[in-house]
Amino acid sequence: MASFAMVVGGVAVAVGVAVRRSGRGELPQPSGWALAGRRLGPVGTAVLLGGTVYTAYTVVAVPGLTYATGGFGLYALAYTILLQPVAMVVLPRLRRLAVRHGLVTAADLALNRHRSHALALAVALTGILAAMPYLVLQVVGLEAVLRVMGVDPGGPVGLLGLAGVFAVLVLVLLPGGLRACAWFARFKAVLIFGMLAAVLVLVTRNVAGPREVFALAGRRLSAEGLGSLTPPGSQTAYLTLALGSVLAQLMYPQVLTVSFAARSTDALRRAVLSLPLWTAALGLFAYLGFVALALDVRTPVGHAELAVPMLLRRLDAPPVEGLLLGALAIAALLPAAVMAIGISTLVARNIYAEYFNPTATPKHEVRAAGFAAVVIIVGALAFALALNPQDAINLHLLGGVWISQTLPAVGLAPFTRWFHHRALLAGWAVGMLAGTAMVVSGGFSSVVDVGLGLVHLPVYVAVTALCANLLVVVLLTPVLDRVGVPRRSEPPEEVRDVQRRGSRFAVRVDG
């Protein structure tokens with residue numbers, strides 16, 4: 001426990017000192033707090049993007065999935081391999097639009113591109129609703145670490161531990177905004193890769209090599225009826241799950257926040273090129289799930305996410321275990337902070353300042369976002385403690401389906417302006433309702449059977465809902481144009497008034 005506290009506390013102090021020195025003399029403004037002044041270089045953007053996409057729950061859940069199901073858990077590798085080329089096409093274009101027009105959030109982009117307040121509100125609300133379960137999962141990851149350390153997250157000691165860890169977030173990361181997260185991301189990268197190297201060295205003391213690991217894991221999977229080493233099921237389910245996860249990931253507020261913060265398009269492209277390094281690390285974490293099977297690690301029923309933390313306890317002495325678990329805690333705090341910043345910026349900028357206080361100054365907007373971030377963090381803690389892990393996972397599944405529905409209005413915005421804003425709003429509504437209905441009626445299954453004549457193919461729910469969304473948009477756009485429904489719901493100068501709140505003190509950056 002002491003080594004765990006030493007890792008978390010030491011990183012917090014180092015980040016606090018670095019941020020205090022780097023942020024002196026700056027006026028508070030949304031692009032400064034939420035986007036680090038759009039000055040992140042290639043290294044800062046790379047570690048922040050990788051550290052945000054590859055969350056603590058990811059490095060706990062993926063090996064937990066391979067531990068529980070075998071080869072099916074490897075879908076996460078297919079998804080992260082696809083992520084890099086798609087991100088290379090989409091994120092630089094979105095970032096270029098954001099810089100050119102002084103945009104801070106996805107809702108800003110939707111308003112700028114389609115000039116529809118209703119559509120911008122829909123994007124903002126979707127981002128908030130979808131990202132909150134993702135934030136809760138970071139708390140679930142921390143709970144898994146505490147359980148392995150012998151601490152009940154719901155008990156007095158557990159609550160104190162969670163409060164202490166998230167106090168670092170509230171007192172160090174949130175006041176410094178994304179700039180503090182960029183410093184924190186450097187420590188996360190070093191700790192995660194260092195932890196992975198240390199664990200792999202410890203694994204070699206217990207098993208001869210990968211051949212023995214997969215042989216032992218395969219025998220246990222077969223004997224206990226857990227799954228197999230070969231990914232089961234239809235190829236369409238596997239492919240659509242990977243593709244849908246990619247499209248959803250790129251639309252989350254935390255990913256767009258990091259992308260908009262890059263100081264140039266070239267810096268963002270270089271950061272995206274570094275993602276395969278994180279994918280390789282994720283593959284090794286997935287391998288640890290098979291190691292846990294091979295070494296006969298036994299997790300409580302329904303808590304496969306404990307496989308790696310319990311494996312760490314199995315491998316070495318408590319001091320080393322505390323250092324490794326401390327690295328997992330750091331891995332949870334970074335994405336939680338970036339998610340809180342992204343969500344709170346949507347709340348303060350696109351809901352509070354837009355509808356409740358249109359005369360809010362940039363300083364007031366930053367203060368409102370900071371207050372909202374604290375409320376969001378406390379809410380995530382409360383939800384994580386009230387819900388069981390499976391409920392949090394089910395909500396995250398819904399979040400992935402929901403955030404995918406913003407793709408036509410946000411993700412495709414740099415590529416075409418053909419879509420009518422009212423068609424986009426109708427498509428969003430259809431996709432949200434259809435996706436939610438399919439997930440709930442299917443018992444929160446991520447896959448549904450889609451009938452094509454006599455053939456029924458299992459397809460990821462988010463992809464099915466997105467196809468319905470796009471179909472409505474494509475069919476409705478020419479109809480609305482034909483009947484003469486105007487494409488702009490307000491004069492262009494109103495849009496500039498909305499943008500001016502975040503860009504009045506911003507410096508134009510080419511890239």
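Residues numbered from 1 in each chain as written. Predicted model: local features only at pLDDT ≥ 70, side-chain atom pairs only at ≥ 80, totals over all residues. Heavy atoms only, no water.

For the rest of this paragraph, the subject is the overall build of the chain. A count of helices and strands for the chain gives 21 helices and two strands. For the chain, long-range pairs separated by at least 24 residues make up 85% of all intrachain contacts whose partners lie at least 6 apart in sequence. When the accessible surface of the chain is totalled, it reaches about 19900 Å², and 67% of it is carbon and sulfur. (Helix = DSSP H or I, 4+ residues; strand = E, 2+ residues; numbered from the N terminus. Contact = heavy atoms within 4.5 Å. Areas by Shrake-Rupley, 256 points an atom, 1.4 Å probe, with all protein chains shown as cover.)

Put simply, the chain has an average pLDDT of 80, and 82% of its residues get 70 or more. For the chain, helix α21 (residues 492–503) is the element with the lowest average pLDDT, namely 45, and helix α18 (residues 407–411) is the one with the highest, namely 94. Contacts for the low-pLDDT stretch residues 489–511, under 50 throughout, to residues beyond four places or in other chains number 48 contacts. (pLDDT = per-residue confidence, 0-100.)

With that out of the way, let us pick up the pattern of salt bridges. Summed over all chains, the structure comprises five salt bridges. For D108, the salt bridge identified is with R349, shortest N-O distance 2.4 Å. Separated by 241 residues along the polypeptide, D108 in helix α6 (residues 106–114) and R349 in helix α15 (residues 318–356) bring together distant segments of the chain. A residue is classified by how much of its surface remains accessible, and D108, at 5% relative accessible area, is buried. A salt bridge links R298 to D296; the shortest N-O distance between them is 2.8 Å. Because the salt bridges share partners, they merge into one network encompassing D108, R349 and E365. (Salt bridge = Lys/Arg side-chain N within 4 Å of Asp/Glu carboxyl O. Buried < 20%, exposed > 50% of the residue type's maximum accessible area, 1.4 Å probe, protein only.)

For the structure on display, the rule yields five aromatic pairs. Every member of this aromatic cluster is reached through a ring pair, and the members are F214, Y287 and F290. Looking at R186, its charged tip hangs above the ring of W183, at a distance of 5.1 Å from the centre. (Phe/Tyr/Trp six-rings, centres within 6.5 Å; stacked < 30°, edge-to-face > 60°. Lys NZ or Arg CZ within 6 Å of the ring centre and 35° of its normal.)

Helix α14 (residues 307–315) packs onto helix α13 (residues 275–294) with a crossing angle of 60° between their chain directions and a minimal axis gap of 9 Å. In terms of orientation, α13 lies oblique with respect to α14. Crossing of α13 against α14: the hand is left-handed. Facing L288, V291 and A292 of α13, the residues of α14 in contact are A307, V308 and L311. In terms of residue class, the contact of α13 with α14 is made up of six nonpolar, no polar and no charged. (Axes fitted to C-alpha atoms, helices over the stretch in contact; angles between N-to-C directions. Parallel < 35°, antiparallel > 145°, perpendicular 65-115°, else oblique. Left-handed = near helix turned anticlockwise from the far one by under 90°. Nonpolar A, V, L, I, M, F, W, Y, C, P; charged D, E, K, R; others polar.)

Attention now moves to the nonpolar core. One finds L48, F166, L169 and L250 to be the most contacted residues of the largest nonpolar core, which totals 130 residues. Considering every element that reaches this core, the biggest residue donor is helix α7 (residues 117–148), with 16 residues. With residues near it in sequence (within four places) discarded, L48 still touches L40, L178, C181, A182, A185, V258, L334 and V338. One finds V145, A217, L221 and V297 within the second-largest nonpolar core, a separate group that totals 33 residues. (Core = buried A, V, L, I, M, F, W, Y, C linked by side-chain atoms within 4.5 Å.)

Bringing unusual backbone geometry into the picture now. Non-glycine residue A36 carries a positive phi angle of around 55°. Note on placement: A36 falls in the loop between α2 (30–33) and α3 (42–53).

With that settled, the discussion passes to a nonpolar patch on the surface. Side chains of L82, L239 and L243 sit close together on the surface and give an oily, nonpolar patch of about 250 Å² of accessible area. Its place among the elements puts L239 in helix α10 (residues 235–251). L239 gets classed as exposed once you look at its relative accessible area, which sits at 55%. (Patch = residues over 30% accessible without salt bridge, like charges linked within 9 Å, V, L, I, M, F, W, Y side chains within 5 Å.)

For the rest of this paragraph, the subject is the packing of helix α5 (residues 75–101) against α10. In a pair of packed helices, the angle between the axes and the distance between the axes together describe the arrangement. Two elements in contact, α5 and α10, have axes separated by 8 Å at closest approach and are oriented at 40°. When the axis of α5 is compared with that of α10, the two are oblique. Helix-helix and strand crossings are classified by hand; for α5 and α10 the assignment is right-handed. Contacts from Y75, A78, Y79, L82, L83, V86, A87, V90, L91 and L94 in α5 reach Y238, L241, A242, L243, S245, V246, Q249, L250 and M251 in α10. Partitioning the contact of α5 with α10 into residue classes produces 17 nonpolar, two polar and no charged.

Quick look at the environment of A182 now. Inspection of the secondary structure puts A182 in helix α8 (residues 156–204). For A182, a relative accessible area of 3% gives the class buried. Note: C-alpha distance between A182 and V338 (156 residues apart in sequence) is 9.5 Å. If we ignore the near neighbours within four places in the chain, the residues touching A182 are L40, V47 and L48.

So, on to the environment of L40. Tracing the backbone through its elements, the reader meets L40 in the loop between α2 and α3. For L40, a relative accessible area of 8% puts it in the buried group. Separated by 228 residues in sequence, L40 and L268 place their C-alpha atoms 8.9 Å apart. Leave out the neighbours within four places in its chain, and L40 touches T45, L48, L178, A182, A261, A262, R263 and A267.

To continue, consider α6. For α6, the tally of buried residues reaches nine of nine residues, placing the bulk of the element in the interior. Within α6 the residues assigned to the buried category are A106, A107, D108, L109, A110, L111, N112, R113 and H114. One or two residues past the end of α6 sits R115, with phi positive at roughly 55°.

This paragraph deals with the side chain of Q138. With respect to the helices and strands, the residue Q138 is situated in helix α7. Within the structure, Q138 has its side chain in polar contact with the backbone oxygen of Y134 (distance 3.1 Å). (Polar contact = N/O pair within 3.5 Å; in protein donor to acceptor, adjacent residues only side chain to side chain.)

With respect to the element layout, S404 can be found in helix α17 (residues 389–404). Given the relative accessible area of 2%, S404 is considered buried. Apart from residues no more than four positions distant in its own chain, S404 is found in contact with G244, A248, A462 and L466.

Once that is clear, we can look at the environment of T464. Here T464 shows up in helix α20 (residues 461–483). Residue T464 is classed as buried on the basis of its relative accessible area, which comes to 18%. T464 sits 33 residues away from G431 along the chain, and the two C-alpha atoms are 8.5 Å apart. Leaving out residues up to four positions away in the same chain, T464 has contacts with M438, V448, V450 and V459.

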